[in-house]
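Working through the structure, step by step
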Amino acid sequence: MTVESTAARTPRRSAGSKAGTTGTKRTRTTKKDAGTEPQLVQLLTPEGKRVKNAEYDKYVAGITPEELRGLYRDMVLTRRFDAEATSLQRQGELGLWASLLGQEAAQIGSGRATREDDYVFPTYREHGVAWCRGVDPANLLGMFRGVNNGGWDPNSNNFQLYTIVIGSQTLHATGYAMGIAKDGADSAVIAYFGDGASSQGDVAESFTFSAVYNAPVVFFCQNNQWAISEPTEKQSRVPIYQRAQGFGFPGVRVDGNDVLGVLAVTRWALERARGGEGPTLVEAFTYRMGAHTTSDDPTRYRGDEERQAWEAKDPILRLRRYLEASNHADEGFFEELEAESEALGKRVREAVRAMPDPDHFAIFENAYADGHALVDEERAQFAAYQASFADEGGN
């Protein structure tokens, strides 16, 4: 079975290993000892080969060539938008950007598994899921430019605003899921978070509440191997999906670079939620190809060899190989998609440059209701700093 049993696995002690026995040496528990070996759901190999899976094949059994091309298109356009946003930040048009490069399959596969009436609670990196929910890519960029606090109506697409506070959205999702269950709705909720957020207390609390109240929520962890500069092994002694065991609901690890596998597993988890079977933890095992954000330098904490190994598992190349080998797409399709991606990049670029400049002094306006001497002093210092650029330009 791929889905881990929630029953506890307690190793038996040997007769001579009781606590307090003279001469025994206490050994340190290794990561391998702490849980069963990770099992990975995979329907599409890095070489683009379709492999059978008795549990999850049925969730993608009816997928058509057109739908497969649609998944490929989603990933390509999402990557193009992401690359454009990164370039815009480097050109000074955005204050910051969190790239999803390498995580397209995890986001498109899970996003396309949702129904229109499901509700999504993202972090700040779910650009592919936003695309699946119909959020205009240009609307994602206003917050990163500093001209709004979100840019879209969450209830128009059942896609909540981006959450910057790490892990807090899992509690919001759990509360919302408990609410729709009380309302008698048959929809589900999906909450996204990263491997680093799995160390947050908010995530543990959301696991507890969702299990106890049998909330219809899927916790979707994109394990991209690095929580900024900390590797996953600094976050957990066991594979992340196995943590669900301690809270009393199932967890499953899926190849996060396999869009078919992610689609199948997420559909299964969402059906469980809608059917009243409670929460599920999905760990999409993937990799962040780029920096954590544009303020990060990943070369300081990881080597090129690691990235090169994951580039061979590229989610887009994987599906393209399958499409070509199955004769589901011809060269004309790929050429048209390339033109479409360039048009998307141009549209996003023009939309961002048409946005107003952010109000540099807005941060000082609502710090205190009645004003504050220290804030006034900081505002004056910042004003002088801003004015210095104009003086330098005049010289």
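Refer to the preceding data block for the structure.
This write-up is about the structure you can find in this document. (Residues numbered from 1 in each chain as written. Predicted model: local features only at pLDDT ≥ 70, side-chain atom pairs only at ≥ 80, totals over all residues. Heavy atoms only, no water.)

**A closer look at the pattern of salt bridges**
Following the criterion strictly, the structure yields 24 salt bridges and no others. Note that Asp255 and Arg318 form a salt bridge whose closest N and O atoms lie 2.8 Å from each other. Residue Asp255 is found in strand β7 (residues 251-255), and its partner Arg318 is found in helix α10 (residues 315-325); the two are separated by 63 residues along the sequence. Judged by its relative accessible area of 6%, Asp255 falls in the buried class. Among the ionic pairs, Glu324 bridges to Arg320, the shortest N-O distance being 3.0 Å. Taken together, the positions of Glu324 and Arg320, both in helix α10 and four residues apart, correspond to about one turn of that helix. (Salt bridge = Lys/Arg side-chain N within 4 Å of Asp/Glu carboxyl O. Helix = DSSP H or I, 4+ residues; strand = E, 2+ residues; numbered from the N terminus. Buried < 20%, exposed > 50% of the residue type's maximum accessible area, 1.4 Å probe, protein only.)

**Here's the deal with helix α4 (residues 137-145)**
For α4, the buried fraction is high: seven of the nine residues fall into the buried class. Three or more residues of α4 are buried, namely Pro137, Ala138, Leu140, Leu141, Gly142, Phe144 and Arg145. Packing partners of the buried residues in α4 comprise α1 (65-90), α3 (127-132) and α11 (331-353). A distance of 2.9 Å separates the backbone nitrogen of Ala138 from a side-chain oxygen at the start of α4, and that oxygen is part of Asp136. Backbone geometry just after α4 places Gly146 at a positive phi near 90 degrees. (Contact = heavy atoms within 4.5 Å. Polar contact = N/O pair within 3.5 Å; in protein donor to acceptor, adjacent residues only side chain to side chain.)

**Quick notes on the nonpolar core**
Core analysis: the largest hydrophobic core is formed by 66 residues, its most contacted members being Tyr72, Leu141 and Leu319. If one sorts the elements of this core by residue count, helix α8 (residues 259-274) sits on top with 10 residues. Sequence-distant contacts of Leu141, defined by excluding residues within four places in its chain, comprise Phe81, Ala85, Leu88, Leu94, Trp97, Val348, Val352 and Met355. Core analysis: the next-biggest nonpolar cluster, separate from the first, contains 20 residues, Ala173, Val189, Ala215 and Leu281 among them. (Core = buried A, V, L, I, M, F, W, Y, C linked by side-chain atoms within 4.5 Å.)

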